Amino acid sequence: MSSRDTVRNATGDHGLSEKGLKAGSVGLIGAVVIGISCIAPAYTLTAALGPTVSEVGVHLPAIFLVGFIPMLLVALGYRELNNAMPDAGTSFTWASRAFGPWLGWMGGWGLIAATIIVLSNLAAVAVDFFYLMLAQIFSNPGLADLTRILPLNIATTLVFIAGACWISYRGMETTKSFQYILVAFQLLVLGWFAIAAFAHVANGTAFDATTISADWFNPFAVESFSQFAAGVSLSIFIFWGWDVTLTMNEETKNPKKTPGRAATVTIVVIVLIYMTVSLATLSFAGIGTTGLGAGNPENQNSIFAVLAGPVMGPFAILMSLAILSSSAASLQSTFVSPARTLLSMGHYQALPKSFGKISPTYKSPGYATIVAAIAAAAFYIVTRTLSENALWDTITALGMMICFYYGITALACVWYFRAEAFHGAKNFVFKFLAPLVGGVILLVMFFKTAYDSMDPAYGSGSNIGGLGLVFILGCGVLLLGVVLMFIMYKRSPEFFKGQVLSRASQPYNP
């Protein structure tokens, strides 16, 4: 019996169906590499390490571990859903099958909105480090300031987005080949940075040598729950992206097993990288608010841009290249998720049918990939033109959307498998307890962050009418999804009436 027949038998007459993507083009190692690339450890650490230190100080390792736990628990739920229903729509499809079309549509929108927003941020970081790299190569610091010229910055950003779109359009095999080189390079440089930082500490040449303490790993030592929640929200952002391995499920070898295994391996590898680099950074620089201190507000936009020179000496340019390659690689691999979610939504008539078009040459979601690129470019132009603070506040708002759609998907796992959850210890842990705990944690973080971000001082401190810009960005994007959902209901009521992708019946037969 084929995997397609198995899916159809499990899901009923209005179940899942193939979309024409190129099957069997990605194995376990390729999926893990793309997963690591999408998370972009060099980029996420340089962008998030400083802001997280400003919230929780030396307890950065504890917060990273706390952020890792719900990610792992949710990944286990994703794995079970993928085993039962391998579909490129992931959150959209699974939430629709478990909870119905309305919540399913919003789950898909949460994923699409988060990835479109991060695409613009990835492009922005790539451009900044591109000009920094030129300044270092030509020993001309003035070249780094070219990124501040708005028209040039926007033009360069659009070139990066177009290049990433072109590679993504060519399908998973081109994506995979591109990622092997860039991921290996950034991991090599991060390892170099960590070893060099520890060497400075051992030799007494560190900026603010700080001894690693067991207290650093104690999340209960964080001063307030608000600081704890803010730190976890930021740490969730740096783990986000592993679910790209699931959106490739119709293109992987052994689609019912490989994506889930790749997601778990990706998260474990990433947490090991993060712990090593964060400990090295804190040991070398401390958490002071002056000089090279990790708590210095002037260092928080890009901690590695500040520390690479003192830590790596003449090889600091390698860190610039690593962050450039990390953001460029992630910019390209991040296209995988929104394109395939849009493809599925078009395929199941939750969006116009044109989104369901497949490139006849590359067997990729060509139309959806191009639309995702246009949306990311438009978002960047609008936010960067309005305010640079608006662009960077989207990083914090992004955490809200990640918690939203991860939480919905995790609880979809609990509800979908409710009939078999208490039939054996394995079912109880993987299909009920793990996704329930992970989903609840993330949804609590969503509501807590939403409440805290109403404060005008939250994030960059920007506000509109006394309401924090982070709250306006995060909740505004979700409300936009509600508006679009009702527009689609008017245009294509069949999906919303359950006539295309129906809610699943109890899948368990004891």
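Below is a short write-up of the structure. (Residues numbered from 1 in each chain as written. Predicted model: local features only at pLDDT ≥ 70, side-chain atom pairs only at ≥ 80, totals over all residues. Heavy atoms only, no water.)

## A closer look at the overall build of the protein chain
Then step 1. Helices and strands together make up the secondary structure of the protein chain, namely 19 helices and 2 strands.
Then step 2. Compactness check: the protein chain gives a C-alpha radius of gyration of 22 Å against a globular reference of 24 Å for 510 residues, within 12% of the reference.
Then step 3. Dimensions along the principal axes, computed over C-alpha positions, put the protein chain at roughly 65 × 50 × 50 Å.
Then step 4. Of all 510 residues assigned to the protein chain, the portion counted as buried reaches 60%.
Then step 5. The long-range share in the protein chain, meaning contacts at least 24 apart out of those at least 6 apart in sequence, stands at 80%.
Then step 6. For the protein chain, the computed accessible surface area is about 18,600 Å², with 66% contributed by carbon and sulfur atoms. (Helix = DSSP H or I, 4+ residues; strand = E, 2+ residues; numbered from the N terminus. Rg over C-alpha atoms; globule rule 2.2 N^0.38 Å. Buried < 20%, exposed > 50% of the residue type's maximum accessible area, 1.4 Å probe, protein only. Contact = heavy atoms within 4.5 Å. Areas by Shrake-Rupley, 256 points an atom, 1.4 Å probe, with all protein chains shown as cover.)

## Observations concerning the packing of helix H14 (residues 336-347) against helix H15 (residues 366-386)
Then step 1. Between H14 and H15, the shortest axis-to-axis distance is 8 Å and the interhelical angle comes to 125°. Classified by the interaxial angle, the pair formed by H14 and H15 is oblique. As for the relative orientation of H14 and H15, their crossing is right-handed in sense. Contact residues: Pro338, Ala339, Leu342 and Leu343 in H14; Ala368, Thr369 and Ala372 in H15.
Then step 2. Class assignment for the residues of the contact of H14 with H15 results in 6 nonpolar, 1 polar and no charged. (Axes fitted to C-alpha atoms, helices over the stretch in contact; angles between N-to-C directions. Parallel < 35°, antiparallel > 145°, perpendicular 65-115°, else oblique. Left-handed = near helix turned anticlockwise from the far one by under 90°. Nonpolar A, V, L, I, M, F, W, Y, C, P; charged D, E, K, R; others polar.)

## Remarks on the nonpolar core
Then step 1. With 162 residues, the main nonpolar core has Trp105, Trp242 and Tyr406 as its most contacted residues.
Then step 2. In terms of residue count, the dominant contributor to this core is helix H6 (residues 101-137) (20 residues).
Then step 3. Sequence-distant contacts of Trp105, defined by excluding residues within four places in its chain, comprise Phe92, Ser96, Met345, Ala350, Leu351, Gly481, Leu484, Met485, Met488, Phe495 and Phe496. (Core = buried A, V, L, I, M, F, W, Y, C linked by side-chain atoms within 4.5 Å.)

## Overview of the state of the cysteines
Then step 1. By the definition in use, this model includes 0 disulfides.
Then step 2. Free of any disulfide, Cys38 has its nearest cysteine sulfur in Cys165, 15 Å distant.
Then step 3. Judged by relative accessible area, Cys38 falls into the buried class, the value being 10%.
Then step 4. The thiol of Cys413 is unpaired, and the distance to the nearest cysteine sulfur, on Cys403, comes to 18 Å.
Then step 5. Overall, Cys413 belongs to the buried group, its relative accessible area being 0%. (Disulfide = S-S within 2.5 Å.)

## Details of the packing of aromatic side chains
Then step 1. Across all of its chains, the model carries 28 aromatic pairs by this definition.
Then step 2. Among the aromatic side chains, those forming a connected cluster through ring pairs are Phe92, Trp102, Tyr348, Phe486, Tyr489, Phe495 and Phe496. (Phe/Tyr/Trp six-rings, centres within 6.5 Å; stacked < 30°, edge-to-face > 60°.)

## As for the packing of helix H12 (residues 303-312) against helix H13 (residues 316-334)
Then step 1. Contact geometry of H12 with H13 gives a least axis separation of 8 Å together with a crossing angle of 145°. Where H12 crosses over H13, the handedness of that crossing is right-handed. For the pair H12 and H13, the contacting residues are Phe304, Ala308, Gly309 and Met312 in the first and Ala316, Leu318, Met319 and Ile323 in the second.

## Some words on the side chain of Thr52
Then step 1. On the secondary structure map, Thr52 appears in helix H3 (residues 41-56).
Then step 2. Excluding anything up to four places from it in sequence, Thr52 contacts Gly57, Leu60, Ile63, Phe64, Gly231 and Leu234.

## Quick notes on the environment of Leu318
Then step 1. Looking at where Leu318 falls in the secondary structure, it is placed in helix H13.
Then step 2. Excluding its chain neighbours within four sequence positions, the residues that come into contact with Leu318 are Phe185, Val189, Trp192 and Met312.

## Notes on H14
Counting along an α-helix, one turn takes 3.6 residues, and residues three or four places apart therefore face a common direction.
Then step 1. Spanning 12 residues, H14 covers 16 Å between terminal C-alpha atoms, matching the ideal 16 Å at 1.5 Å per step.
Then step 2. Among the 12 residues in H14, 11 count as buried, and that is most of the element.
Then step 3. Contacts made by the buried residues of H14 are with helix H5 (91-99), H6, helix H8 (172-203), helix H10 (244-247), H13 and H15. (Expected span 1.5 Å × (residues − 1).)

## Some words on the pattern of salt bridges
Then step 1. All chains considered together, the criterion is met by 8 salt bridges.
Then step 2. Two residues, Arg340 and Glu251, come together in a salt bridge whose shortest N-O distance is 2.7 Å. One end of the pair, Arg340, is in helix H14; the other, Glu251, is in the loop between H10 and helix H11 (258-285), and 89 residues separate them in sequence.
Then step 3. You can call Glu251 buried: its relative accessible area is 1%.
Then step 4. Its salt-bridge partner being Asp452, residue Lys448 comes within 3.5 Å of it at the nearest N-O pair. Highlighted residues: Lys448 and Asp452, both in helix H17 (residues 425-452), separated by 4 residues, approximately one helical turn. Residues Lys448 and Asp452 agree in their burial class; the two are buried.
Then step 5. When salt bridges that share partners are traced, they join Lys19, Asp87 and Glu250 into one network. (Salt bridge = Lys/Arg side-chain N within 4 Å of Asp/Glu carboxyl O.)

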